[in-house]
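# An overview of the molecular structure
Chain residues, written in single-letter form:
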Amino acid sequence: MGVKMSDSPDPAIRFIEGRSRILVSTHVNPDGDGIGAVLALKWALSQRGVDADIIIESEPPETLGFLANYQWVGRMSEEAGNVAPYDTVIVADAPHTERLGAVKSLISDNAEILIIDHHPTDQPEGTARYINESASSSCELVYNIITAMGLSPDKDCSEYLYTGIIVDTGRFRFSNTSHTVLRIASELVKAGADPNNITERLFYHNTIETTMALGRMINSIKLHLGGKMATACYSHEFVTSEEWKKVDTEGFVNHALAIRGVEVAALLREVKPGVTRASLRSKNDFDVNRLANTLGGGGHSKAAGCTIEEDLSTAIKKLVKAVKERL
Ligand code: 5GP
Ligand code: MN
């Protein structure tokens, strides 16, 4: 990647010093890593007497509701447009403010912005950056900031960070599972994070609708390109149903990737008529970040996403064609 790594927490620590009012945010449709990172940042800032407001565009995911002080995660509301814009902003788990969705409108034009991220990117934003593509998660980076500040995470903060780490490493299975992140996880458990409770809340606490939707996804799987690619999909009708509101598809696409011989898996859902979201995963060397880039999306080499302005069947054809060109 063209960007020089900013692999030191020092700029982040300098950025925080002497601030009074900070907006902390993460990408739209946040996962455990983004949410864990913003909660841990707010905890750390409060230890330094700095007031931080966490505001995100999307509804905070219900599955993370077990995290302490979850009410800290504020959702962008209509009135939010009337508050004074923030001059100091921390963006976690995204390389630029575009990924914040509507929250971008709360940022003043000449705001100072700190980016904390582990996504590969050529053009990160920010007046200060702590970006490391080889970090497992943004929570790993926030852990480094917190300890470099001389703070020891308490039980709550350890649980925020541990949650982000297990979500982004796929419970310590993905290729980003380094000895460093295992050491950090060990420290977090020592500081009070409860692995069994967190795992149970994240992965053994599904709604019946989620489990039934998994069955539906698995039944929709189709193989392409001689078995190297698998697609699965949800129709527009299903994703606008009452049932869908109780469905969380986090991790589902991995069931398509788990098939022997499959190198690229995609889970597509037509979110609006003629607009299809795709979650992409890969194993071996196929780079889904680059694939997503060609379609206006992004992510990591093995986990990425994009929005295709087509109906479901056309989007699948487009995606299969794009994969074929890169295999
Ligand atoms: P997921 O498939 O779980 O929604 O996303 C996988 C990864 O790709 C996450 O790191 C997520 O932030 C990133 N991602 C998903 N969709 C997009 C997108 O449209 N643009 C960018 N830049 N990244 C995305
Ligand atoms: Mn992440």
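Scroll up to find the structure.
Values in this document were obtained by computation on a predicted structure and should not be read as measured data. (Residues numbered from 1 in each chain as written. Chains lettered and ligands numbered in written order. Predicted model: local features only at pLDDT ≥ 70, side-chain atom pairs only at ≥ 80, totals over all residues. Heavy atoms only, no water.)

## Observations concerning the side chain of serine 58
Its place among the elements puts serine 58 in the loop between strand E2 (51-56) and strand E3 (73-75). Among the polar contacts listed, one links the side chain of serine 58 to the backbone nitrogen of asparagine 29, at a separation of 2.8 Å. Discounting residues that sit within four places of it in the chain, serine 58 has contacts with Val28, Asn29, Pro30 and Arg75. (Helix = DSSP H or I, 4+ residues; strand = E, 2+ residues; numbered from the N terminus. Polar contact = N/O pair within 3.5 Å; in protein donor to acceptor, adjacent residues only side chain to side chain. Contact = heavy atoms within 4.5 Å.)

## Regarding the coordination of the manganese ion (ligand 2)
As a benchmark, a tetrahedral metal site with four donors has ideal angles of 109.5 degrees, while an octahedral site with six donors has ideal angles of 90 or 180 degrees. Looking at the manganese ion (ligand 2), the protein donor atoms are Asp33 (OD), Asp93 (OD), His118 (NE2) and Asp168 (OD), and they sit 2.1 to 2.3 Å from it. All donors of the manganese ion (ligand 2) belong to a single chain; written as a sequence motif, their spacing is D-x59-D-x24-H-x49-D. Here histidine 118, found in the loop between strand E5 (107-117) and strand E6 (128-131), pairs with aspartate 168, found in helix H4 (residues 155-168); they are 50 residues apart in sequence, far enough to count as distant. (Donors = N, O, S within 2.8 Å, 3.2 Å for Na, K, Ca; no water.)

## Observations regarding the packing of helix H2 (residues 32-47) against helix H3 (residues 138-148)
Relative to each other, H2 and H3 sit at 15°, their axes nearing to 8 Å. The orientation of H2 relative to H3 falls into the category roughly parallel. The hand of the H2/H3 crossing is left-handed. Along its contact with H2, which presents Asp33, Gly36, Ala37, Ala40, Leu41, Trp43 and Ala44, the element H3 presents Ser138, Cys139, Val142 and Ile146. When grouped by side-chain class, the residues that make up the contact of H2 with H3 number eight nonpolar, two polar and one charged. (Axes fitted to C-alpha atoms, helices over the stretch in contact; angles between N-to-C directions. Parallel < 35°, antiparallel > 145°, perpendicular 65-115°, else oblique. Left-handed = near helix turned anticlockwise from the far one by under 90°. Nonpolar A, V, L, I, M, F, W, Y, C, P; charged D, E, K, R; others polar.)

## Examining the sheet that holds E2
Pairing is parallel across the open sheet formed by six strands, whose spatial order is E3-E2-E1-E4-E5-E6. With one partner strand each, in any of the chains shown, E3 and E6 form the two edges of the open sheet. Averaged over neighbouring strand pairs, the angle between their axes works out to 30° when direction is ignored. For E2 and E3, the ladder comprises three bridges, and the chain directions are parallel. By the bridge assignment for E3, isoleucine 56 is matched with arginine 75. Strand contacts of H2: strand E1 (21-26), E2, E3, strand E4 (86-92) and E5, with the helix running at about 165° to E1, the strand carrying the most contacts. (Pairing = 2+ DSSP bridges.)

Keep in mind that these numbers describe shape and distance, not what the molecule does.
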